[in-house]
Amino acid sequence: MLTFKQHDTYPAIEGVLEELNEKTGAKEPINLTGAKEVTLVLKGTGAAIEVKCTITNAKNGEISVPLEDTWTKTAGTVQVEAKIEWGVGQYQTVPNEGYDSIVIAAFLGEAH
């Protein structure tokens, strides 16, 4: 779980996309080599927001998304998942079960 303060725009959201290895039972990075696009989907109290990710290390499943004030405007918990497009009509959503979460903690002062 990540935590940001309300109205923050820095640092970027960075993470590793993982999937469960059925043989070992361990989570492993998804090799994003060959992925056409990775989109981060964020859902708080309003409509879902979809944002294109930058793949920073394809082999190790690493992505980055700049933090935007439109996501951190409202304090609360935001559900997050990533959608990987492998080809025409071929998508993979992670995590496979449930969602990851980002907590937007209330800012005590006035908006920046």
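Read on for an overview of the structure.

The rules behind each value
Per-chain numbering applies: the sequence of each chain, read as written, is numbered from 1 onward. pLDDT decides what is reported in this predicted model: residues at 70 or higher carry local features, side-chain atom pairs at 80 or more are listed and counted, and totals for whole chains, interfaces and linings draw on all residues regardless. Side-chain numbers come from the whole structure's heavy atoms, not from hydrogens or water. Any Lys or Arg side-chain nitrogen found within 4 Å of a carboxyl oxygen on Asp or Glu counts as a salt bridge. Numbering of helices and strands runs from the N terminus; a helix is a DSSP stretch of H or I covering at least four residues, while a strand is a stretch of E covering at least two. Buried residues are those whose accessible area, probed at 1.4 Å on protein chains only, stays under 20% of the maximum for their type, while exposed residues exceed 50% and partly exposed ones sit between those limits.

## Some words on the pattern of salt bridges
Within this structure, the stated rule accounts for two salt bridges. For glutamate 37, the salt bridge goes to lysine 52, with nearest N and O atoms at 3.5 Å. One end of the pair, glutamate 37, is in strand β5 (residues 37-43); the other, lysine 52, is in strand β6 (residues 49-52), with 15 residues separating them in the sequence. Two residues, lysine 83 and glutamate 50, come together in a salt bridge whose shortest N-O distance is 3.4 Å. Residue lysine 83 is located in strand β9 (residues 76-87), and its partner glutamate 50 is located in strand β6; the two are separated by 33 residues in the primary sequence. According to the relative accessible area criterion, lysine 83 is partly exposed, its value standing at 27%.

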